[in-house]
Amino acid sequence: MTTSGALPMLSGLKVIDITQFVAGPTASRVLAELGADVIKVELAPYGDRSRVQGVKPKEAPENAAPYSTYFFQHNHSKRGIALDFKNERAREILKGMISKADVLVENFSPGVMARAGLSYEELKRLNPGLVMCSISFAGQTGELSEKPGYDYIGQAYAGVTGMIGEADGSPALVTMAIGDVSTGMSAALAIVTALFHRERTGEGQHVESSLLDTYFHMHEASIPRVSKLGNEYVQRRTGSQHPDGGPTGIFRCGDGKYITLMSLAHQWPQLVQALELPELLDDPRFASASTRRKNNDQLKDILEGWLASVGPRDECLKRLEKRRIPVAPVLDLNDVIELDHLKSRKTVRTAIDPLLGEFKIPGMPVRFSGWQPPSRLAAARLGEHNADVLREYGLSDDEIADLHDKKIFVRDKALG
């Protein structure tokens, strides 16, 4: 990996990544982007299941293993090997790699690693300084820990799904992996914190991150309210409007386009000025935040009536922004990836891949004054770095060839 300026901050850190889909790969990908040598371990014969998701090459080589934009986004900047996890020899080699690593990240169902002889208790005897991170749906303990689950299952259990949707309709989904990505980021934070602890004490440890814990942590206000008020307070679905009023929500402009507006209690006078409706200040229905909340539907009608009279969305935004009201156009992703602001900050960045061509992916969500991310990214084909990695861990070319012949380690046939 090349960078402009200083070396990546995690240079020299060795990470073994036995994860798939999104949450686990996000954690290890963040470490990789910051300079860690991440070896992604995929399970033969198919590899990470996300290889079959997303956009695939139009002209894939004959006999090529699956490869996609989805896999690239979550696994670039890593080296990749592929092995038969059920084979004892493969697990012996893997255990040897872990014994020399700083970090192990895994997202098997709880109990799988232990049954394979790779529990934290077993591994810390080989490598006392190891930081092992386990990522799962509901954690390593508790009555839900054995339950299979993905992002949307976490949404439902955490009370998120029940909050979303029209008041007279069914609950709705947030159709992006907010929980998965956030769980991965939480895991990355836990890993670097454990590494900092190791720097001071020499001790490794086992950390974990779960979808359910992460989703529950996202409730910014409702948990104390429910706890204090009990059945007196039940969160209702309110569709495009925030239940606390404001007004805060999604509103239709005169040209049929939408804006999202978020007016806090102290900004009510500013909003009234923007609307040029001074009589609202003396209207008892809107005299306080609580009364505005009770009359949220009427307030929405008034606001959308004003937006209709103004007309085009751009003009509505201009008048509201003049009074410093927090407001934004509701954009689709085709518009978002072309925003100059996001491109200039490399929040939107371009990847160029020999098979997939050129496409956009998200950039790192954080910035550092002393380091810039690499300008070119690459993702491993299935088993692409088998030989390089195995040589580093002391295996001869004959031994590596034997492992491939016996399919203990596998490699994309299209690589030659």
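Report follows, based on the coordinates. What you see is a predicted model, and the numbers here were worked out from it, not measured in a lab.

**Describing the sheet that holds strand β7 (residues 248-252)**
Move 1: Pairing is antiparallel across the open sheet formed by three strands, whose spatial order is β7-β8-β9. For this open sheet the edge positions go to β7 and β9 (327-329), each flanked by a neighbour on one side alone. Shown here is a sheet whose adjacent strand axes are inclined to one another by a mean of 20°, direction ignored.
Move 2: Across three bridges, strand β8 (residues 258-262) lies against β9 in antiparallel orientation. Paired with T260 across the two strands is A328, which belongs to β9.
Move 3: Packed onto the sheet, helix α12 (residues 296-310) meets β7 and β8 and runs at close to 40° relative to β7.

**Some words on the side chain of S134**
Move 1: By secondary structure assignment, the location of S134 is in strand β5 (residues 131-136).
Move 2: Excluding its chain neighbours within four sequence positions, the residues that come into contact with S134 are E106, Q140, H206, V207, E208 and S209.

**Remarks on helix α10 (residues 268-275)**
Move 1: W268, L271, V272, A274 and L275 are the residues of α10 that are buried. For α10, the angular spread of the buried residues around the axis is 160°, confining them to a single face.
Move 2: Of the surrounding elements, those touching the buried residues of α10 are β8, α11 (289-294), α12 and α13 (313-322).
Move 3: Backbone geometry just downstream of α10 places E276 in the positive-phi region, at approximately 55°.

**Brief notes about the side chain of H219**
Move 1: Within the secondary structure layout, H219 lies in the loop between α8 (211-217) and α9 (222-229).
Move 2: A relative accessible area of 15% places H219 in the buried class.
Move 3: In terms of polar contacts, H219 uses its side chain to reach the backbone carbonyl oxygen of A158, at 2.7 Å.
Move 4: Excluding residues within four positions of it along the chain, H219 makes contact with A158, G159, V160 and M163.

What counts as what
- Residues numbered from 1 in each chain as written.
- Predicted model: local features only at pLDDT ≥ 70, side-chain atom pairs only at ≥ 80, totals over all residues.
- Heavy atoms only, no water.
- Pairing = 2+ DSSP bridges.
- Helix = DSSP H or I, 4+ residues; strand = E, 2+ residues; numbered from the N terminus.
- Axes fitted to C-alpha atoms, helices over the stretch in contact; angles between N-to-C directions.
- Contact = heavy atoms within 4.5 Å.
- Buried < 20%, exposed > 50% of the residue type's maximum accessible area, 1.4 Å probe, protein only.
- Arc of directions from axis to C-beta.
- Polar contact = N/O pair within 3.5 Å; in protein donor to acceptor, adjacent residues only side chain to side chain.

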